[in-house]
Amino acid sequence: MFIDTHCHLTDKYSDGTENVIASAMNAGVGVMICPTADPADIPAALKLADTHKNIFCTIGIHPECAPVDAKPLLTESVLTHPRVVGIGEIGLDYHYGADNRAQQIKLFEQQLDIARKYALPVAIHTREAENDTAAILTGDVGGVMHCFTSSWNLAKKMLDRGFMFSASGILTFKNAGEIRETFAKIPLDRIVIETDAPYCAPVPYRGKVCEPAMVIETARVLAQVKGVSLDELERILETNVKSLYPKISF
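A brief structural summary. (Residues numbered from 1 in each chain as written. Predicted model: local features only at pLDDT ≥ 70, side-chain atom pairs only at ≥ 80, totals over all residues. Heavy atoms only, no water.)

The next thing to look at is the nonpolar core. Counting residues in hydrophobic clusters, the biggest one holds 77 residues, and the most contacted among them are I59, L79, I87, V122, M145, F165 and F183. Residues contacting F183, with those up to four places away along its chain left out, are F148, F165, S166, A167, L171, I191, V225 and K226. (Core = buried A, V, L, I, M, F, W, Y, C linked by side-chain atoms within 4.5 Å. Buried < 20%, exposed > 50% of the residue type's maximum accessible area, 1.4 Å probe, protein only. Contact = heavy atoms within 4.5 Å.)

Quick look at the pattern of salt bridges now. Summed over the entire model, instances satisfying the criterion amount to 4 salt bridges. As a salt-bridge pair, D113 and R116 come within 2.6 Å of each other at their nearest N and O atoms. In this pair, D113 and R116 both sit in helix α4 (residues 101–118), 3 residues apart, roughly one turn of the helix. Assessed through its relative accessible area of 46%, D113 is described here as partly exposed. Of the residues examined, R116 reaches a relative accessible area of 34% and is grouped as partly exposed. Residue R116 is joined to D140 by a salt bridge in which the shortest nitrogen-to-oxygen separation is 2.7 Å. One end of the pair, R116, is in helix α4; the other, D140, is in the loop between α5 (130–136) and β6 (143–145), and 24 residues separate them in sequence. (Salt bridge = Lys/Arg side-chain N within 4 Å of Asp/Glu carboxyl O. Helix = DSSP H or I, 4+ residues; strand = E, 2+ residues; numbered from the N terminus.)

The next thing to look at is the sheet that holds strand β5 (residues 122–127). Across the sheet, which stays open at both edges, the 8 strands sit in the order β1-β2-β3-β4-β5-β6-β7-β8 with parallel pairing between neighbours. Looking along the sheet, the strands with just one partner apiece sit at the ends: β1 (2–4) and β8 (191–193). For this sheet the average axis-to-axis angle between neighbouring strands, irrespective of direction, equals 30°. Strand direction decides the pairing type here: β5 and β6, joined by 3 bridges, are parallel. Among the inter-strand pairings, A123 is bridged to a residue of β6, identified as V144. Strand contacts of helix α1 (residues 17–26): β2 (29–35) and β3 (55–58), with the helix running at about 140° to β2, the strand carrying the most contacts. (Pairing = 2+ DSSP bridges. Axes fitted to C-alpha atoms, helices over the stretch in contact; angles between N-to-C directions.)

It is worth stressing that arrangement in space is one thing and function is another; only the former is reported here.
Set out below in structure tokens:
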């Protein structure tokens, strides 16, 4: 089976979340991991994970929500929940400017401290913030660089620090040659895949609302990039997900 390691199932889908989940399962996507971004997502993500045996979640607060205090939200009862496998998505995003850079960094570091305390992996969002991301992620916390589209320079640094890298539908875009080159260099045992649904729909669905079922298209392109069969890739990715998120079970 394929695993969508990062799909925002708490967002609204025109067909309804239950139909989106069913469609994914019919397409061979047997497990989905639902991250949180806004604090309001947390109860909904936990409910989905509680009511679907093939859904797990990572709990975190996106940098766009800065300033916010993560401590009252990422509580022990939440982070020790058996279906919570990591903390994410967290990180830095300077795409619309770095006016709140200090607040983003404070939120990021606060959540990394929480990850250390609970020995949980992290799902990292970084956008136009490579230098600060690399400076903060020193290697004492592990996890995944979610929807990785940054430079090979950052990839090399994070490989050395034990991180995995998640390929999204962007890997399939015609103008994503540099990203494919980067993933060609990343060892296969350090890669997972995701949709980041409802965003970043892969070719041939580009421009449409993305769903977890579409992660297969990213897998097809990744298999070509790595020179392996789709069946072999499927087995490797399952192993990688278990390594990335030790709490997960399937």
